[in-house]
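Okay, here's what each chain looks like letter by letter:
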Amino acid sequence: KTQITLAEKLEPAASYTDSSDDETSPRDKQQKNSKGNGDFCIKNIKQADFGRREIEIAEQEMPALMALRKRAQGEKPLAGAKVVGCTHITAQTAVLMETLSALGAQCRWAACNIYSTQNEVAAALAEGGEAPVFAWKGESEDDFWWCIDRCVNVEGWQPNMILDDGGDLTHWIYKKYPNMFKKIKGIVEESVTGVHRLYQLSKAGKLCVPAMNVNDSVTKQKFDNLYCCRESILDGLKRTTDVMFGGKQVVVCGYGEVGKGCCAALKAMGSIVYVTEIDPICALQACMDGFRLVKLNEVIRQVDIVITCTGNKNVVVRENLDRMKNSCIVCNMGHSNTEIDVASLRTPELTWERVRSQVDHVIWPDGKRIVLLAEGRLLNLSCSTVPTFVLSITATTQALALIELYNAPEGRYKQDVYLLPKKMGKTSSSF
């Protein structure tokens, strides 16, 4: 028998670690999978085995999506569907992509966040060949739009369904390839930011296909936004800063479902939690849940951690940042990177110092510094992970919404934004 040495046993792990540190841009590499297919752009195809193991682990915690795959793959309800997607590329969304493929869809995928891609998972998807992927962790802004374009602008392939998270994919097609909407049957949108952009298009009379608002479905609001953020906020903060939560003063901007989850977790860990909120109902809920309602400028000098959860823009501006105490931690749990005015910090008088991955010190002339996480982008998916079981429900809801829009008879849905039927949303949590 051939003996396997300890070095050989450890070699895959070493390769996995070393390849993550390769600074060469994936756009400058020519990579092919084991089948000779090069229709993808990722960090390193050699990480595929590790990514496959992560996907297999995720499958165990995604019973709803796996049940849908088992129940419907014989019927192929998405046969003929050509789905172009722009979401976070993680082990959980990989299970969704492979489920869509099992249900008959052809897929092409890009990332909706430049920091959230799990490189090994992207490699596993590229190796499988079922869903060409164009994404890697740490993309530049130019890379981000290039990847989306590579998904959309393909000779001999044109999408007829869109699955979006944030609206950037939809925006790009409207901007660059508006004629594609002649063949697109519908849009499924995941986030509050993307849904807002769809409603703007609809109000302006520019929405030319039906769109399904998954963000406001009963499962997304009550499970993903609340319970996912309740667990992942602590994970993201602990991994990046090693902070102890007990006794810390924290202000959470926004008391929607995301804010509720963050506040509950921090309160349970012994933090003193303040809430800012402009919606009177959400403000009353915060009050009834035992949190002190404040204006941001009332507490900005004393708090240790500032967390934005609104989905809005310029929630924390330069004036607030200037008044923060030394070593204040600033992060965002909303979708976009516009809640914290990071652009105002890129000025000559301020010094940026990279401490570790996704952690920057921004230093003022007097020596004061704040700790900025993920450059103001989504904390949990940029700096940690999210609970797989919760995402099972969300991903199943997205799949059902795609099936509904793709198979709907002509005339059922007009050129407007629709909520996922409540019965269908409940179905996704009962598989």
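Residues numbered from 1 in each chain as written. Predicted model: local features only at pLDDT ≥ 70, side-chain atom pairs only at ≥ 80, totals over all residues. Heavy atoms only, no water.

## Regarding the overall build of the protein
Here comes step 1: For the protein, the count of helices and strands is 16 helices and 15 strands.
Here comes step 2: Over its C-alpha atoms the protein spans a radius of gyration of 22 Å, differing by no more than 12% from the 22 Å that the globule rule assigns to 431 residues.
Here comes step 3: Counting only C-alpha atoms and orienting by the principal axes, one finds that the protein spans roughly 65 × 60 × 40 Å.
Here comes step 4: A buried classification covers 56% of the 431 residues belonging to the protein.
Here comes step 5: Entry remark: accessible area of the protein is about 19,300 Å², with carbon and sulfur atoms responsible for 50%. (Helix = DSSP H or I, 4+ residues; strand = E, 2+ residues; numbered from the N terminus. Rg over C-alpha atoms; globule rule 2.2 N^0.38 Å. Buried < 20%, exposed > 50% of the residue type's maximum accessible area, 1.4 Å probe, protein only. Areas by Shrake-Rupley, 256 points an atom, 1.4 Å probe, with all protein chains shown as cover.)

## Description of the packing of aromatic side chains
The geometry of two aromatic rings is summed up by the distance between their centres and the angle between their planes.
Here comes step 1: Under the counting rule described, the total for this entry stands at five aromatic pairs.
Here comes step 2: Taking 5.2 Å as the distance between ring centres and 20° as the angle between the ring planes, the aromatic pair formed by Trp145 and Trp172 counts as stacked. Of this pair, Trp145 sits in helix α6 (residues 141-152) while Trp172 sits in helix α7 (residues 168-176); the two residues are 27 residues apart in sequence, bridging distant segments of the chain.
Here comes step 3: Since its relative accessible area comes to 24%, Trp145 is described here as partly exposed.
Here comes step 4: Taken together, the ring pairs connect Phe144, Trp145 and Trp172 into an aromatic cluster.
Here comes step 5: Looking at Arg53, its charged tip hangs above the ring of Phe50, at a distance of 5.0 Å from the centre.
Here comes step 6: We note Arg346 situated over the ring of Trp352; from NZ or CZ to the ring centre the distance is 4.2 Å. (Phe/Tyr/Trp six-rings, centres within 6.5 Å; stacked < 30°, edge-to-face > 60°. Lys NZ or Arg CZ within 6 Å of the ring centre and 35° of its normal.)

## Let's talk about the pattern of salt bridges
Here comes step 1: Using the criterion set out here, one finds 17 salt bridges in the structure.
Here comes step 2: A salt bridge links Glu141 to Arg377; its shortest N-O distance comes to 2.5 Å. Here Glu141 is found in helix α6, whereas its partner Arg377 is found in the loop between β14 (369-373) and α14 (379-383), with 236 residues between them in sequence.
Here comes step 3: By relative accessible area, Glu141 is classed as partly exposed at 44%.
Here comes step 4: Taken together, the salt bridges that share partners define one network made up of Arg346, Arg354, Asp360 and Glu375. (Salt bridge = Lys/Arg side-chain N within 4 Å of Asp/Glu carboxyl O.)

## Thoughts on the sheet that holds β14
Across a sheet, paired strands are connected by hydrogen bonds in the backbone, their directions being either parallel or antiparallel.
Here comes step 1: Strand order across the open sheet formed by eight strands is β9-β8-β7-β10-β11-β14-β13-β12, with mixed pairing between neighbours. Edge positions in the sheet fall to β9 (292-293) and β12 (351-356), since each of these pairs with one other strand and no more. (Pairing = 2+ DSSP bridges.)

## Quick notes on the sheet that holds strand β3 (residues 133-134)
Here comes step 1: On the basis of which strands lie adjacent, the open sheet formed by seven strands has the order β3-β2-β1-β4-β5-β6-β15 and parallel pairing. Looking at which strands have only one partner, the edges of the open sheet turn out to be β3 and β15 (417-419).
Here comes step 2: The sheet contacts of helix α4 (residues 91-102) involve β1 (82-87), β2 (106-111) and β4 (161-164), and relative to β2 the element is tilted by about 160°. (Contact = heavy atoms within 4.5 Å. Axes fitted to C-alpha atoms, helices over the stretch in contact; angles between N-to-C directions.)

## Considerations on the UniProt feature "binding site: NAD(+)" (unreviewed entry) in the protein
Here comes step 1: With numbering matched to this structure, UniProt assigns "binding site: NAD(+)" (unreviewed entry) to Gly256, Glu257, Val258, Gly259, Lys260, Gly261, Glu277 and Asn380.
Here comes step 2: In this fold, Gly256 is placed in the loop between β7 (249-253) and α10 (257-268).
Here comes step 3: By relative accessible area, Gly256 is classed as partly exposed at 25%.
Here comes step 4: As for its position among the elements, Gly261 is in helix α10.
Here comes step 5: For Gly261, a relative accessible area of 0% puts it in the buried group.
Here comes step 6: Those residues in contact with Gly261, other than ones at most four positions away along the chain, are Leu226, Cys229 and Arg230. (UniProt positions renumbered as here; feature names shortened; annotations may be inferred.)

## Remarks on the confidence of the model for the protein
Here comes step 1: Confidence in the prediction for the protein averages 91 pLDDT; 92% of positions are at 70 or higher.
Here comes step 2: Low pLDDT, under 50, characterises residues 1-20; the stretch is placed with 13 contacts to residues that sit more than four places away or in other chains. (pLDDT = per-residue confidence, 0-100.)

## Concerning the UniProt feature "binding site: substrate" (unreviewed entry) in the protein
Here comes step 1: According to UniProt, the positions carrying the feature "binding site: substrate" (unreviewed entry) are Thr90, Asp165, Glu190, Lys220 and Asp224.
Here comes step 2: Its place among the elements puts Thr90 in the loop between β1 and α4.
Here comes step 3: Looking at Thr90, the relative accessible area reads 3%, which means it is buried.
Here comes step 4: For Thr90, the residues in contact, after removing those within four places along its chain, are Ser116, Gln118, Val121 and Leu381.
Here comes step 5: A distance of 3.0 Å separates the side chain of Thr90 from the side chain of Gln92, its partner in a polar contact.
Here comes step 6: Relative to the helices and strands, Glu190 resides in the loop between β5 (186-189) and α8 (192-203).
Here comes step 7: Residue class for Glu190 comes out buried when judged on its relative accessible area of 7%. (Polar contact = N/O pair within 3.5 Å; in protein donor to acceptor, adjacent residues only side chain to side chain.)

## A look at the environment of Tyr406
Here comes step 1: Assignment of secondary structure puts Tyr406 in helix α15 (residues 388-407).
Here comes step 2: In this structure the C-alpha to C-alpha distance between Tyr406 and Asp360, which are 46 residues apart in sequence, comes to 44 Å.
Here comes step 3: Once residues within four sequence positions are removed from consideration, Tyr406 is found in contact with Pro77, Leu78, Ala79, Gly80, Ala81, Asn160, Met161 and Lys185.
Here comes step 4: Within the structure, the side chain of Tyr406 is placed 3.0 Å from the backbone oxygen of Ala79, a separation counted as a polar contact.

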